[in-house]
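# Structural features, examined
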Amino acid sequence: MLKKVCVSALVCAAALWGSSGALAQQTIKIGFPIPLTGEIPKVGESTKYAADLFREEVNAKGGLEVGGKKYLLEFIYENNESKPDTAVNVTLKLIDRDKVLAIIGPQSSRQAVPAGAVANDNETPMITPWSTNPEATKDRPWVFRAAFLDPFQAPVAADFATKQFKAKKAAVLFEISNDYSKGLADNFRDAWEKQHGKGSIVAFESHGPRDQDFSAQLTKINAAKPDFIFLPENYSFVALIVPQARKLGYKGQFMGSDAWGSAELMKLCGDACKGLFFSTHYAAAGAQGATKEFIDKYNKKYGYVPDDVAALTWDAVALITEAIQQVGSVDNNLRKMRKSIRDNLAAVKEFKGITGNMRFDAQGDPIKCAVIVEIDQKGEFTFKESVCP
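By convention here, each chain's residues receive numbers from 1 onward along its written sequence. Two thresholds apply to this predicted model, a pLDDT of at least 70 for residue-level local features and 80 or more for giving and counting side-chain atom pairs, whereas whole-chain, interface and lining totals are computed over all residues. Side-chain numbers come from the whole structure's heavy atoms, not from hydrogens or water.

In DSSP terms, a helix is any run of H or I states spanning at least four residues, a strand is any run of E spanning at least two, and both are numbered starting from the N terminus. Helix and strand content of the protein: 12 helices and 16 strands. C-alpha atoms define the radius of gyration, and 2.2 Å times the number of residues to the power 0.38 defines the globule rule. For the protein, whose C-alpha radius of gyration is 21 Å, the value lies close to the compact-globule estimate of 21 Å for 389 residues. When its C-alpha atoms are laid out on the principal axes, the protein stretches across 75 × 40 × 40 Å. Values of accessible area rely on a 1.4 Å probe in the Shrake-Rupley scheme; residue burial ignores everything except the protein chains shown. A total accessible area of about 15900 Å² is found for the protein, and carbon and sulfur atoms account for 51% of it.

Dropping the structure here:
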């Protein structure tokens, strides 16, 4: 007998997962370990908003159809606080306590790399929508991603800067304790030096996770006289670094990476970031087809244009739910169900997402194109060009 009173059919169904026949199959639970607080809260917000929009659409039609039956989607959000240790703890909580079928997130590589180890060890399928560090999926058959990899993104940025800025000398500024930032900085250095030779990186400076003043690093960079500065940074740091560089007299260009692509960037950075470029996963301005439909729905509901985090989250949820549908039935055996979902993800031959078409390689990484975005004088992220593998 249940000790607690069920207050709704949805709660009852969740409580009875795996314990009795029909009620156990009323909901499909998916967990989201996301940064609702910490250094990148807008990333958490975008994730939740996109996921909620997807869930509401499906549930409004009676639920997700699997094998001729419909099941309500239940999404459980846990705050990873933008911290690696918290990401590990809440991922384990979603797997063990909440008995989710799959994990979507974490987003940042700093959290996705350790959380991916937890998902893989506990044989629970996980898709990180936004993480680009190879370590998140490497030798982890249960972990996938919806974003391209840094070893692909770095040469894309290097090639574009060479062409667009006619650059021969580059400087790099990155966060030393962030897997994403440090890994992409290293990949960029390798790509740049391969193209321009040793010594073409004239400054390679780092900072800590709580730094607010970058004058020491920027003074060294200014003295080295680079043709541009590469910033593989989260949007919150970009909004501090770019204005500080201008105040110190730097008049050159910047090249950014996909972590710039938050809707919060221009709110924090303002005019200082107009005219700059970054590599990312999709461009909202000028989008067409299913991508434009998603943008319009999101903008209407939440009042702003969705960033790449939101778009990648939508694709990740679509991938997971499609994999669930392909199982053909919802099995009460949780381990068996998780295994079937994982196998279906690994077998994806082509997925047409709103961030582009993709298929997974042997490591669970998608083979897909990157986009170069220019921040125009209205502060909008406009399409410049695409680069495909």
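Attention now moves to the packing of helix H10 (residues 289-302) against helix H11 (residues 308-327). Only the stretch in contact is used when fitting a helix axis, every axis being a line fitted to C-alpha atoms; angles between N-to-C directions are given from 0 to 180 degrees. Where H10 contacts H11, the two axes come as close as 11 Å, and the packing angle between them is 115 degrees. Crossing angle aside, the handedness with which H10 passes H11 is right-handed. Within the contact between the two elements, H10 uses Phe294, Lys297 and Tyr298 and H11 uses Ala310, Ala311 and Trp314. Across the contact of H10 with H11, the residue classes tally to 5 nonpolar, no polar and 1 charged. By convention the crossing between two helices is left-handed if the near helix lies anticlockwise of the far one by an angle smaller than a right angle, and right-handed if it lies clockwise. Residues are treated as being in contact if the distance between any of their heavy atoms lies within 4.5 Å. Under the grouping applied here, Gly and all other residues not named as nonpolar or charged are polar, the nonpolar ones being Ala, Val, Leu, Ile, Met, Phe, Trp, Tyr, Cys and Pro and the charged ones Asp, Glu, Lys and Arg.

The next thing to look at is the state of the cysteines. Any cysteine sulfur atom paired with another within 2.5 Å is treated as part of a disulfide. Taken as a whole and judged by the stated rule, the model has 2 disulfides. Between the sulfur atoms of Cys369 and its disulfide mate Cys388 the distance is 2.0 Å. With the S-S bond torsion at 100 degrees, the cross-link from Cys369 to Cys388 turns out right-handed. One end of the pair, Cys369, is in the loop between strand E14 (366-367) and strand E15 (370-375); the other, Cys388, is in the segment after strand E16 (381-387), and 19 residues separate them in sequence. Sequential numbering of the bridged cysteines in the protein gives the disulfide pattern 1-2, 3-4.

All right, on to empty space enclosed by the protein then. Space inside and on the surface of the protein is sampled on a 1 Å grid over the protein atoms alone, with a cavity defined as a set of points where a 1.4 Å probe fits but cannot get out and a pocket as an open set with protein on both sides within 12 Å along at least 5 of 7 lines; lining residues have an atom within 4 Å of a point. Grid points are joined across faces, edges and corners, and a volume is the space filled by probe spheres set on the points. Counted by the stated rule, this structure contains 1 cavity of 30 Å³ or more. For the largest cavity, the calculated volume is near 60 Å³. In this structure, the largest cavity is lined by Gln107, Ser108, Ser109, Trp130, Ser131, Asn178, Tyr180, Asn234, Asp258 and Ala259. Residues belonging to the lining of the largest cavity are distributed by class as follows: 3 nonpolar, 6 polar and 1 charged.

Now for the sheet that holds strand E5 (residues 126-128). Any two strands are treated as partners once DSSP identifies two or more bridges connecting them. The strand order across the open sheet formed by 6 strands is E2-E3-E1-E4-E5-E6, and the pairing between neighbours is mixed. The open sheet is flanked by strand E2 (64-66) and strand E6 (143-145), the only strands paired with a single partner. Between one strand axis and the next, the sheet turns by 30 degrees as a mean value, whatever way the strands run. Here E5 runs beside E6; their pairing, made up of 3 bridges, is parallel. Its bridge partner lying in E6, Met126 is registered against Val143. The sheet strands contacting H11 are strand E1 (27-34), E2, strand E3 (69-79), strand E4 (102-104) and E5, and the helix crosses E2 at an angle near 30 degrees.

Here the focus is the sheet that holds strand E11 (residues 277-280). The mixed open sheet is built from 7 strands, whose spatial order is E8-E7-E9-E10-E11-E15-E16. The open sheet terminates on both sides in strands that have one partner only, identified here as strand E8 (201-207) and E16. Geometrically, the sheet is characterised by an average inter-axis angle of 20 degrees between neighbouring strands, direction not taken into account.

Okay, the packing of helix H3 (residues 84-96) against helix H4 (residues 109-121) next. The interhelical angle for the contact between H3 and H4, taken along N-to-C directions, is 35 degrees, at an axis separation of 8 Å. Note on packing geometry: the crossing formed by H3 with H4 is right-handed. The residues of H4 that touch H3, namely those facing Pro84, Ala87, Val88, Thr91, Leu92 and Ile95, are Arg110, Gln111, Pro114, Ala115, Val118 and Ala119. By residue class, the composition of the contact of H3 with H4 is 9 nonpolar, 2 polar and 1 charged.

Our focus in this paragraph is the confidence of the model for the protein. Residue-level confidence of the predictor is what pLDDT reports, using numbers from 0 through 100. Summing up the model confidence of the protein, the mean pLDDT is 93 and the portion of residues at 70 or higher is 94%. Under a pLDDT of 50 for its full length, residues 1-25 has, in the predicted model, 27 contacts with residues more than four places off or in other chains.

Now for helix H8 (residues 235-247). Each helix should span, by expectation, one fewer than its residue count multiplied by 1.5 Å. Between the first and last C-alpha of H8 there are 19 Å, a value that for 13 residues agrees with the 18 Å anticipated at 1.5 Å per step. To sort residues, take the accessible area from a 1.4 Å probe on protein chains only and compare it with the maximum for the residue type: under 20% means buried, over 50% means exposed, and anything in between is partly exposed. Regarding H8, the residues found buried are Tyr235, Ser236, Phe237, Val238, Ala239, Ile241, Val242, Gln244 and Ala245. Gly249, located one to two residues past H8, shows a positive phi value of around 100 degrees.

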